[in-house]
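Summary of the model geometry
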Amino acid sequence: MSGRFIKEKQDLTYLKWAHARSSSGTAGSFLKSESTLDGKKIYYKLSNFDSINGVVGHECINELIVDRLLTLLKVPHLEYDLINADIEVEGKLISTYLSASKDFKERGESKVALDDFYTANAFPGESHYDFCVRNGWKNYVDTMIAVDYIILNRDRHGANIEVLRNRRAHTMRIAPLFDHGLSLLYSCFSEEEVEKFDIMEDRRCQSFVGGFSCLKNLKLIEDKHRVFSGRLARDDRAYILGDLDVVLPKVYLDKIWDMIFERYKRYESL
């Protein structure tokens, strides 16, 4: 299940949705749900939602776009489906597009947010980045920082990075990259806002490993040209944005592609 867009309408009205406030201070809330399929948990989430206007954001579409981008760059990541579905929220039937992903925990593993793990295990005065390096996650955080620059991820807080532990087997690993909804043009709610959006602007981001600048965070990476084993080419637009013209206007898709490709080129030139 990677980068799939399920266009045929699915009846998911049986799902029960819970509110989770946006950690980045955006208006509205993000609804989440889960179910079990063939013994495996499936997690669902909606784009930005408010009780009056319904689903008003397009964060779930961003998840699919970034999934496809990371596949091309050969970056391990949580795989997302974009599903056309009917759901029921607060007694109202809503037709929307939502994200679905499988539980990335293996049997016997438990998860802990990186910020909590850092608090419990860091040396006095140890930086978040140095802590990750000491635990063997240098390649992971370097890749994460590079990805977050390219997609302008504004929400890589300490709970959006997870450590997976199996106490019985005495194993520990870091979870694949996940949760990229608050990136790209997520803050644009009109075509006018899209047209005015500066794709190269270094907007304030929330990054547990780095600081508030995706651009400045790149300075943490010693060798920027060894981060990605895959590459992005101009003709990859068809793969990354394929079929999405039915869920986003062309002006959005054009801007998103320009943003991804131009920021990728700048990263490669540093």
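The shown structure was predicted, so the numbers you read here are calculated from the model rather than taken from an experiment. For every chain, the first residue of the written sequence is number 1, and numbering continues from 1 along that sequence. With the structure being a predicted model, the display of local features is reserved for residues of pLDDT at least 70 and the display and counting of side-chain atom pairs for 80 or more, all residues being used for whole-chain, interface and lining totals. Note: side-chain values were computed over all heavy atoms of the structure, leaving out hydrogens and water.

1. Describing the overall build of the protein chain
When helices and strands are tallied, the protein chain shows eight helices and 11 strands. By the compact-globule yardstick of 18 Å for 270 residues, the protein chain fits well, its C-alpha radius of gyration being 18 Å. In this scheme, a residue with accessible area under 20% of its type's maximum is buried, one over 50% is exposed, and one in between is partly exposed, where area comes from a 1.4 Å probe on protein chains only. When burial is assessed residue by residue, the protein chain has 52% of its 270 residues classed as buried. In this analysis, two residues are considered to be in contact whenever any of their non-hydrogen atoms come within 4.5 Å of each other. Nonlocal contacts in the protein chain, meaning residues at least 24 apart in sequence, comprise 66% of its contacts between residues at least 6 apart. For the accessible areas, the method is Shrake-Rupley and the probe is 1.4 Å, while residue cover comes only from the protein chains on display. For the protein chain, the accessible area works out to roughly 13200 Å², and carbon and sulfur atoms hold 49% of it. Numbering of helices and strands runs from the N terminus; a helix is a DSSP stretch of H or I covering at least four residues, while a strand is a stretch of E covering at least two. Here the globule rule reads 2.2 Å times residues to the power 0.38, and the radius of gyration is calculated from C-alpha atoms.

2. Overview of the nonpolar core
One broad rule of soluble globular proteins: the nonpolar side chains tend to lie buried together. With 62 residues, the main nonpolar core has Ile-65, Leu-114, Trp-137, Val-209, Phe-228, Leu-232 and Leu-244 as its most contacted residues. Of all the secondary structure elements, the ones that give two or more residues to this core are helix 1 (59–73), helix 2 (114–121), helix 3 (128–134), helix 4 (138–151) and helix 8 (250–269). Working definition of a nonpolar core: buried Ala, Val, Leu, Ile, Met, Phe, Trp, Tyr and Cys residues. They are joined through side-chain atoms within 4.5 Å. Phe-49, Ile-83, Ile-87 and Ile-94 belong to the second-largest nonpolar core, a separate cluster that totals 15 residues.

3. Some points on helix 4
Here helix 4 spans 20 Å end to end across 14 residues, near enough to the 20 Å set by a 1.5 Å rise per residue. Burial in helix 4 covers these residues: Tyr-140, Val-141, Asp-142, Thr-143, Met-144, Ile-145, Ala-146, Val-147, Asp-148, Tyr-149, Ile-150 and Ile-151. At its buried positions, helix 4 is contacted by helix 1, helix 3, strand 11 (171–174), helix 6 (214–217) and helix 8. Downstream of helix 4 by one or two residues, Leu-152 has phi in the positive range, about 50 degrees. Multiplying 1.5 Å by the residue count of a helix minus one yields the expected span of that helix.

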